[in-house]
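Structural overview
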Amino acid sequence: MNLDKIDLKILRILQGDGRKSFREIGRELRISEGTVRARIKKMKENGIINGFHISVNPHKLGKDVIAILGLYLKPSEVKKTLEILKSYDEITQLYQTTGEYDAVCVVVLEDMEELGRFLSEKIYPLVNVNGCKVTIVLNILKDGHKIPI
C-alpha cells in the first residue's frame, strides 16, 4: 500500500494521541469522518497500523526495575527460543539483533529480587541461552514507539 500525504498526516495525529476520534481527525485535516475511518481501516488491514496502545508509567504500578537483557542464543534454536521469550509477560520488548547479541529484550519488574528470580527461573534454564548480560535502566529519558513520519 502506498501512503499519500493524508495517510501520513493521520498517522502523525494518531501517534500523538491514539484516542483522537475519527471526527476530530477529519476536522483537523478537513476531510470527512468516513474518509478517516476508511483510511485507518485500510492501514490496519495492510499491517501499517498494528494496534492502539497506551503508555503506562511502570513506577506508578510498583514496577521499579527496568532491565535490558542482551542474550546469546544457540544458533540452531534462535526461532524457538524467541517464541518462548515472547510468551513471558515480564518482557515488554523483544528484538532479534545482529552484533554482539542474538536478541535484546526489555523486562519490567517490581524489584531486584524479582529480577533475580526471573533470570534464575525463566532465562538461565533455557538450554538455548548461552549467556545473558544485564543492564539496569537508571532513568527513562524518552519512551515510546513513535516512528518519524
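Within the protein chain, the regular secondary structure consists of 5 helices and 4 strands. Along the protein chain, from the amino end to the carboxyl end, the secondary structure elements read α-α-α-β-α-β-β-α-β. When its C-alpha atoms are laid out on the principal axes, the protein chain stretches across 55 × 40 × 25 Å. By the burial criterion, 30% of the 149 residues in the protein chain qualify as buried. Partitioning the contacts of the protein chain with sequence separation of at least 6, the portion at a separation of at least 24 is 65%. In the form shown here, the protein chain has an accessible surface area of approximately 10,400 Å², with 51% of it arising from carbon and sulfur atoms. Both charge centroids of the protein chain, one from 24 positive and one from 20 negative side chains, sit 10 Å from each other.

All buried positions along helix H4 (residues 78–86) are accounted for by Val78, Thr81, Leu82 and Leu85. Seen along its axis, H4 keeps its buried residues to an arc of 100°; they face one direction. Exposed residues pointing more than 90 degrees away from the buried face of H4 are listed as Lys79 and Lys80. As for H4, its buried residues are in contact with strand E1 (65–73), strand E2 (91–96), strand E3 (103–109), helix H5 (112–123) and strand E4 (129–136).

Conventions used here
Residues numbered from 1 in each chain as written. Predicted model: local features only at pLDDT ≥ 70, side-chain atom pairs only at ≥ 80, totals over all residues. Heavy atoms only, no water. Helix = DSSP H or I, 4+ residues; strand = E, 2+ residues; numbered from the N terminus. Buried < 20%, exposed > 50% of the residue type's maximum accessible area, 1.4 Å probe, protein only. Contact = heavy atoms within 4.5 Å. Areas by Shrake-Rupley, 256 points an atom, 1.4 Å probe, with all protein chains shown as cover. Lys, Arg positive; Asp, Glu negative; His and termini not counted. Charge placed at Lys NZ, Arg CZ, Asp CG, Glu CD. Arc of directions from axis to C-beta.

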